[in-house]
Amino acid sequence: MPLVAGFDSSTQSCKLVIRDAETGALVRSGRAAHPDGTEVDPAAWWAALEAAVAQAGGLADVAAVSVAGQQHGMVCLDASGEVVRPALLWNDTRSAGAAADLIEEAGGGEAGGRFWADAVGVVPVASSTATKLRWLARHEPANADRVAAVCLPHDWLTWRLSGAPGLDPLRTDRSDASGTGYWSPATGEYRFDLLERAFGRRLEVPDVLGATQSAGALDRAALAAGGGADWALLGPGAGDNAAAAFGVGARPGDVVVSIGTSGTVFSVADAPTADPTGTVAGFADVTGRYLPLVCTLNAARVLDAAATMLGVDLDTLSDLALSAPPGADGLVMVPYLEGERTPNRPSATGSVHGLTLRTSTPAHLARAAVEGMLCALADGLDALTAQGCRAERVILVGGGARSAAVRRIAPQVFGRPVVVPPPGEYVADGAARQAAWLALGGQDAPDWSPAGTQEYAADGVAAVRERYAAAGDRVLDRPA
Ligand SMILES: Nc1ncnc2c1ncn2[C@@H]1O[C@H](COP(=O)(O)OP(=O)(O)O)[C@@H](O)[C@H]1O
Ligand SMILES: O=C(CO)[C@@H](O)[C@H](O)COP(=O)(O)O
């Protein structure tokens, strides 16, 4: 019975699951925290991965390993493979000006958006790797001069697991390549002209592997803690959202709403999308299909922040939110705590509207936090369906889905039922399922559909979104 391992190197932590390749049964797991901040030394991801491996009792008995990770983060390597500077993460907004410049240089406004959407399926925003490269070239020329290769968090970890043998064997997959801004899901090829346009010169980039192509072998000596396997295959890995879609077994017609550090709404599609407004990013999925996706910068941490403000834990926050009426008697939270990506407001701050003596209670604030976060995701769901994506089933995953208030309020805000698989690490599961496909071979991936999915239904409450829409634009920017 071969075992396989899947990692989720996400914004806040590294999670590892070790599963039976054939049945998908969970055998062992581990996790370790990542440091806070929007720029992180990749060495910290490696340390967390090693700690997760040690906690899970090592990888000595696994036949294949895949790594999924937070998308877009810019990992720059010099000619000897050393990291040039800490990685800028997907939620680092300093490259917002670079994004605006890249759109302007392509014709500006709708024409600029159309150019990028047609070329690579995405319109530059601060999250995109291409805009981070432009920022580096303009703001840190000495560091930029040293860069020989650029890759993404999951590419770098896969490369380290293979023993980091020089720049040539950097590998990635379609899903993560599609978030760079210089790889086209529609053609399956790099746009080196756009990489050069962003950075000023060409760089080495990872080879883009198909779903069942191996990224080499796990290096026995690569892992100090926990021990390496005698011989294990490395999978191509994936961006975390694509891995979640694969882990939860999403099919065309399903929309997945993931409430992690980021909020994402995405579906598996048979054809690529090209939204010139940039609201829907036209990513690729793990299997050879496509993954149109809307991403917000503010999701589960809105709940963390609300709990901190109220001095309660997350379960109490949930109880409080459920004790207030739908719409919180008109109290609205616009949760742009880290700026926002959708809508594109990188400098915005959050705000609370509708304070009265009646609404000045912990319960109202808790409810407004949950509803505000969900309204932003409901806008994403609308944008996705406007692009022609079907939403026959809405699947709720991510750390935020552990909140009873989120599960029960989501159908009211979305105006449709949601299904919630049992709490789990679906990104790591997607990576493990990819590793199992590699280990077992075959035309199709093994069927690991999660059992015990629950449906939550409620009447939609239109007033919640109407009031949120009225408040949405009235926010302050960060002080200069
Ligand atoms: N019971 C809960 N209620 C609300 N939020 C929760 C709960 N459990 C975990 N979370 C939140 O989920 C987030 C982590 O989710 P996760 O999907 O692992 O994020 P990421 O993959 O981006 O690191 C944290 O911000 C955490 O506070
Ligand atoms: O930028 C995106 C998607 O485009 C984010 O979804 C990141 O991939 C981070 O994911 P989490 O750590 O929140 O899972």
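Taking an unreviewed UniProt entry as the reference, the protein is identified by name as Xylulose kinase belonging to Micromonospora harpali. What UniProt records for the protein under Sequence similarities (unreviewed entry) is the sentence "Belongs to the FGGY kinase family." Its UniProt record, at the heading Catalytic activity (unreviewed entry), says of the protein: "D-xylulose + ATP = D-xylulose 5-phosphate + ADP + H(+)".

Brief notes about the layout of surface pockets
As a volume, the largest pocket reaches approximately 830 Å³. Together, 44 residues line the largest pocket, and I259, G260, G398, G399 and G400 are the ones closest to its centre. Of all the secondary-structure elements, those providing two or more residues to the lining of the largest pocket are β2 (13-20), α9 (240-247), β15 (254-259), β18 (290-296), α10 (300-310), α11 (314-323), α13 (404-414) and α14 (426-440). The biggest single contributor to the lining of the largest pocket is α11, with five residues. Of the residues in the lining of the largest pocket, the class split is 16 nonpolar, 18 polar and 10 charged. Roughly 470 Å³ of volume is contained in the second largest pocket. Lining the second largest pocket are 28 residues, and of these F246, G249, A250, R251 and R433 sit closest to its centre. Every element with two or more residues in the lining of the second largest pocket is listed here: α9, β21 (393-397) and α14. Looking at the lining of the second largest pocket, the element that brings in the most residues is α9, giving four residues.

What about unusual backbone geometry?
Between T342 and P343 the backbone carries a cis peptide bond, its omega angle lying at 5°. The phi torsion at H72 lies on the positive side, around 75°, for a residue other than glycine. Here H72 is to be found in the loop between β5 (62-69) and β6 (75-77). Phi angles above zero are rare outside glycine, and A328 is one such case at about 50°.

What to know about the packing of aromatic side chains
Applying the stated criterion across every chain yields a total of four aromatic pairs. Judged by centre distance (5.7 Å) and plane angle (90°), the rings of F115 and W116 are edge-to-face. With a relative accessible area of 27%, F115 lands in the partly exposed category. Residue W116 is classed as buried on the basis of its relative accessible area of 1%. Summarising the aromatic geometry, the rings of Y182 and Y190 are spaced 6.4 Å apart at their centres and angled 25° between planes, so their arrangement reads as stacked. Overall, Y182 belongs to the buried group, its relative accessible area being 3%. Here Y190 falls in the buried class, since its relative accessible area comes to 18%. These aromatic residues form a ring-pair network of at least three members: Y182, Y190 and F192. Against the face of F192 rests R202, its NZ or CZ located 3.7 Å from the ring centre.

Focus on the site of ligand 2
Near ligand 2, the surroundings consist of 15 residues, among which T11, H72, D240, S262 and R341 are the closest. Within the backbone of T261, an N or O atom sits 3.4 Å from an oxygen atom of ligand 2. Calculation on ligand 2 without its partners gives an accessible area of 380 Å², and the protein chains cover 95% of this total. When each cavity is represented as a set of grid points, ligand 2 is found to reside in the largest pocket. Among the secondary structure elements, those contributing two or more residues to the shell around ligand 2 are α9 and β18. Its residues assigned to classes, the shell around ligand 2 comprises four nonpolar, nine polar and two charged.

What about the site of ligand 1?
Looking at ligand 1, there are 15 residues lining it, with S10, K15, T261, D304 and G399 nearest. Measuring from an oxygen atom of ligand 1, one finds a side-chain N or O atom of T261 at 2.5 Å. For ligand 1, an oxygen atom lies 2.9 Å from a polar atom in the backbone of G399. Comparing atom positions with the cavity grids shows ligand 1 to sit within the largest pocket. Its residues assigned to classes, the shell around ligand 1 comprises three nonpolar, nine polar and three charged.

Quick word on the pattern of salt bridges
Tallied over the full model, the rule gives 27 salt bridges. Here D285 and R174 are joined by a salt bridge, their closest N and O atoms 3.7 Å apart. Of this pair, D285 sits in the loop between β17 (281-284) and β18 while R174 is found in helix α7 (residues 174-177), placing the two residues 111 residues apart along the sequence. Exposure class is identical for D285 and R174. Each is buried.

Considering the packing of helix α12 (residues 362-386) against helix α15 (residues 462-471)
Their axes nearest at 10 Å, the elements α12 and α15 cross at an angle of 90°. Classed by the angle they form, the pair α12 and α15 counts as roughly perpendicular. Packed against α12, whose contacting residues are E371, G372, C375, A376, A378, D379 and D382, the element α15 presents V464, R465 and Y468 at the interface. Of the residues in the contact of α12 with α15, the class split is five nonpolar, one polar and four charged.

Focus: the UniProt feature "active site" (unreviewed entry) in the protein
Listed under "active site" (unreviewed entry) in the UniProt record, and renumbered for this structure, are D240. For D240, the contacting residues outside a window of four places in its chain are D8, A68, G69, Q70, Q71 and V427.

Focus: the pairing of strand β16 (residues 263-267)
Among the five residues in β16, five count as buried, and that is most of the element. Burial along β16 is two-sided: G263, V265 and S267 facing one way and T264 and F266 facing the other are all buried. Pairing analysis gives five bridges linking β15 to β16, with the strands arranged antiparallel. Bridged to V257 within β16 is V265. Where β16 and β18 come together, four bridges link them in antiparallel fashion.

Scoring rules and cut-offs
- Residues numbered from 1 in each chain as written.
- Chains lettered and ligands numbered in written order.
- Predicted model: local features only at pLDDT ≥ 70, side-chain atom pairs only at ≥ 80, totals over all residues.
- Heavy atoms only, no water.
- UniProt positions renumbered as here; feature names shortened; annotations may be inferred.
- 1 Å grid on protein atoms, 1.4 Å probe; cavity = no way out; pocket = protein on both sides within 12 Å on 5 of 7 lines; lining within 4 Å.
- Points joined across faces, edges and corners; volume = space filled by probe spheres on them.
- Helix = DSSP H or I, 4+ residues; strand = E, 2+ residues; numbered from the N terminus.
- Nonpolar A, V, L, I, M, F, W, Y, C, P; charged D, E, K, R; others polar.
- Phe/Tyr/Trp six-rings, centres within 6.5 Å; stacked < 30°, edge-to-face > 60°.
- Buried < 20%, exposed > 50% of the residue type's maximum accessible area, 1.4 Å probe, protein only.
- Lys NZ or Arg CZ within 6 Å of the ring centre and 35° of its normal.
- Near = heavy atom within 4 Å.
- Polar contact = N/O pair within 3.5 Å; in protein donor to acceptor, adjacent residues only side chain to side chain.
- Areas by Shrake-Rupley, 256 points an atom, 1.4 Å probe, with all protein chains shown as cover.
- Sits in = over half its atoms within 2 Å of the grid points.
- Salt bridge = Lys/Arg side-chain N within 4 Å of Asp/Glu carboxyl O.
- Axes fitted to C-alpha atoms, helices over the stretch in contact; angles between N-to-C directions.
- Parallel < 35°, antiparallel > 145°, perpendicular 65-115°, else oblique.
- Contact = heavy atoms within 4.5 Å.
- Pairing = 2+ DSSP bridges.

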